[in-house]
Amino acid sequence: MDELMVQSDTQETAVMLRNETLDDISGNVRKPVYDRSTLTPGIVHIGLGNFHRAHQAWYLHRLMQQGHAHDWAIIGAGVRAPDAAQRERLLAQDCLTTLIELDPAGVSAEITGGMIDFLPVEPENAALIRQMADPAIRIVSLTVTEGGYYIDPATGGFDAQHPDIQHDAAHPQKPRTAFGAMIEALRLRRAAQIGPFTGQSCDNLQNNGGILRQTVVSLAALSDPDLAEWIDTHCSFPNSMVDCIVPATGPAEIAQALKFGIDDSAPVTHENFRQWVIEDDFCAGRPGWDRAGATFSHNVEHYEFMKLRILNAGHQVLANAAELLSVATISEAMSHPAIAAFFHKVQSTEIAPHVQAVPGMTPESYIQLVERRFRNPEIVDTTRRVAFDGSSRHTGFVLPVVRDALAQGASVTGLALVEAIWARMCEGTREDGSRIEPNDPFWADLTAAATEARARPAAWLEQKQLYGDLAEAAPFADSFARWLDLVWSEGVEAALKTYTTD
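The following refers to the structure shown. Because the structure is predicted, anything quoted here is derived from the model rather than measured. (Residues numbered from 1 in each chain as written. Predicted model: local features only at pLDDT ≥ 70, side-chain atom pairs only at ≥ 80, totals over all residues. Heavy atoms only, no water.)

### What about the overall build of the protein chain?
Piece 1. Helix and strand content of the protein chain: 21 helices and 13 strands.
Piece 2. Computed over the C-alpha atoms, the radius of gyration of the protein chain is 23 Å, within 12% of the 23 Å expected from 2.2 N^0.38 for a compact globule of 502 residues.
Piece 3. Its C-alpha atoms give the protein chain principal-axis dimensions of roughly 65 × 60 × 40 Å.
Piece 4. Buried positions account for 57% of the 502 residues belonging to the protein chain.
Piece 5. Counting contacts in the protein chain only where the partners sit at least 6 residues apart, residues at least 24 apart contribute 76% of the total.
Piece 6. With an accessible surface of roughly 19500 Å², the protein chain has 50% of that area assigned to carbon and sulfur atoms. (Helix = DSSP H or I, 4+ residues; strand = E, 2+ residues; numbered from the N terminus. Rg over C-alpha atoms; globule rule 2.2 N^0.38 Å. Buried < 20%, exposed > 50% of the residue type's maximum accessible area, 1.4 Å probe, protein only. Contact = heavy atoms within 4.5 Å. Areas by Shrake-Rupley, 256 points an atom, 1.4 Å probe, with all protein chains shown as cover.)

Here's what the structure looks like:
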């Protein structure tokens, strides 16, 4: 993107973001060069948050800028009540989004236009089902967070007992979940002989396509085994690896858009890095995303391992310690000597040995890349946001490394400290005495376990829904107990320094 010198008086002349005002926006801001009125839909995306708009939607927009994929426009959708507010914001600005790239060398802005509508958010998802049943829709993609796939944390299998799943199994034509809505749309498509669509997870999950298939097929089997078999046979669920740091939007981000002369109620800021690696398995066609920089690969899992274990697990290494030490952002955490040293040692000695190289990138060089990205001071990515939903993120990103290391007889000392710091954080107070607001769907349970673990560390690892049998793995459990005792008696920073100087 082109560097733009921000003018101090642009806030007074900001233009409301609309189709009809695009020509009034500064020429230094990149804008769609395609005729948005000619776009037709090909994708329904469920879970239309910041990450999707800065990542998948950007790739499609850039493809459209080249004159391609004009029949693959995105229709947004949501299945949660808060999604209705996002719908109102985006429809008010014709589904345009201002993307602000936070490059330390120069902040720049771009307006993307590949999304053309946002469906009503309804309890029984009737509008969503109708749209997905339209033969024009060939891909249904999702960003519903790592914890949104109804996975049993203890087994990795499908959680058939969840109340939402039980509801959708009993009322398949009036589903509560995105997956139930997909199934009902596929039932209608099969009945009308329209054919299947591709289900594309864009969440930070290893084997995300396989997990989406597991959720959809398993839920369908509870009410219609024949339909479940048809879905499993005819639909495709490609795996993918997605990567771009995208902070939440608040007043500061809206103010940044105003500096570019744009009145956007839902702008998105992002780092100057993106990566999207996709398995080329689409049953009803796909856009040529590779023309815009995406990578199609038959070895997505290798890219996944590298990213999920170094970047995503690394986020948990940083965020919990930073939260306890009242360090507000990830870039500030990387400037904290004790936290940064801890991050580097855990990554280099206990995570990287369990990661394979990919074309053009070794685990060691990827650690260096991630450290540079995390240090970017323009990215105000809060430790609270990164620490959110630790019950999913630790089980998804950190504990698989622990299990691999134990299987190979490798060190888990630093990883045990990561988990001890998380346990300490879930007690609910920082070291300065301030309260940590609930930050996990299971916060009450975590806090109860963390409180008990202060006197009896094993209580934390006895949460089998999180740790399974890891409480019985002595190299991990013994290290965890020693670290938790030290964290409580001498503090987080003392524990970090003890580990990095050993």
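### Observations concerning the sheet that holds strand S3 (residues 73–77)
Piece 1. Strand order in the open sheet formed by five strands is S6-S3-S2-S7-S8, and the pairing between neighbours is parallel. Edge positions in the sheet fall to strand S6 (115–118) and strand S8 (198–201), since each has one partner strand and no second. Adjacent strand axes in the sheet meet at a mean angle of 25° when their direction is disregarded.
Piece 2. For S3 and S6, the ladder comprises three bridges, and the chain directions are parallel. Residue isoleucine 74 lies in a different strand from S6, and its bridge partner there is methionine 115.
Piece 3. Strand contacts of helix H4 (residues 126–133): strand S2 (41–46), S3 and strand S7 (139–142), with the helix running at about 145° to S2, the strand carrying the most contacts.
Piece 4. Where helix H6 (residues 178–191) meets the sheet, it contacts S2, S7 and S8, and its direction lies at approximately 175° from that of S7. (Pairing = 2+ DSSP bridges. Axes fitted to C-alpha atoms, helices over the stretch in contact; angles between N-to-C directions.)

### Focus on the sheet that holds strand S12 (residues 275–278)
Piece 1. The three strands lie next to each other as S9-S12-S13, forming an open sheet whose pairing is mixed. Looking at which strands have only one partner, the edges of the open sheet turn out to be strand S9 (240–243) and strand S13 (295–296).
Piece 2. For S12 and S13, the ladder comprises two bridges, and the chain directions are parallel. Note on S13: the bridge partner recorded for valine 277 is threonine 295.

### Observations regarding the pattern of salt bridges
Close approach of charged atoms allows side chains with opposite charge to pair.
Piece 1. For the coordinates displayed, the defined rule picks out 21 salt bridges.
Piece 2. The residue glutamate 110 makes a salt bridge to arginine 62 at a minimum N-O spacing of 2.9 Å. Of this pair, glutamate 110 sits in strand S5 (residues 108–112) while arginine 62 sits in helix H2 (residues 56–65), and the two are 48 residues apart along the sequence. For the pair formed by glutamate 110 and arginine 62, the shared burial category is buried.
Piece 3. Two residues, arginine 213 and aspartate 232, come together in a salt bridge whose shortest N-O distance is 2.7 Å. With arginine 213 in helix H7 (residues 208–223) and aspartate 232 in helix H8 (residues 225–234), this pair connects stretches of sequence that are 19 residues apart.
Piece 4. Among the ionic contacts, a cluster of salt bridges with common partners joins Asp243, Glu271 and Arg373. (Salt bridge = Lys/Arg side-chain N within 4 Å of Asp/Glu carboxyl O.)

### Quick word on the environment of aspartate 232
Piece 1. With a relative accessible area of 38%, aspartate 232 lands in the partly exposed category.
Piece 2. As for aspartate 232 and serine 218, which are separated by 14 residues in sequence, their C-alpha atoms are 9.6 Å apart.
Piece 3. Among residues more than four places away in sequence, those in contact with aspartate 232 are Arg213 and Val217.

### Details of the environment of glutamate 427
Piece 1. With respect to the helices and strands, glutamate 427 occurs in the loop between helix H16 (413–426) and helix H17 (443–453).
Piece 2. Sequence separation between glutamate 427 and glutamate 452 is 25 residues, and the spatial gap between their C-alpha atoms is 9.1 Å.
Piece 3. Setting aside residues up to four positions removed in sequence, glutamate 427 forms contacts with Thr447, Ala450, Thr451 and Trp488.

### Focus on helix H5 (residues 163–170)
Piece 1. Considered for burial, the residues of H5 that qualify are Asp164, Ile165, Asp168 and Ala169. Along H5, the residues classed as buried sweep out an arc of 135° about the axis, all on the same side. Looking at H5, the residues exposed on the side facing more than 90 degrees away from the buried face are Pro163 and Ala170.
Piece 2. Where H5 is buried, its residues touch H6 and H7. (Arc of directions from axis to C-beta.)

### Comments concerning the side chain of arginine 189
Piece 1. Here arginine 189 lies in helix H6.
Piece 2. Although buried, arginine 189 forms no salt bridge, and the nearest oppositely charged side chain, aspartate 134, lies 6.4 Å from it.
Piece 3. Side-chain polar atoms of arginine 189 contact the backbone oxygen of aspartate 134, separated by 3.0 Å.
Piece 4. Only 3.1 Å separates the side chain of arginine 189 from the backbone oxygen of isoleucine 137, close enough to count as a polar contact.
Piece 5. When residues no more than four places from it in sequence are discounted, the contact partners of arginine 189 are Met132, Ala133, Asp134, Pro135, Ile137, Ile194, Gly195, Pro196 and Phe197. (Lys, Arg positive; Asp, Glu negative; His and termini not counted. Polar contact = N/O pair within 3.5 Å; in protein donor to acceptor, adjacent residues only side chain to side chain.)

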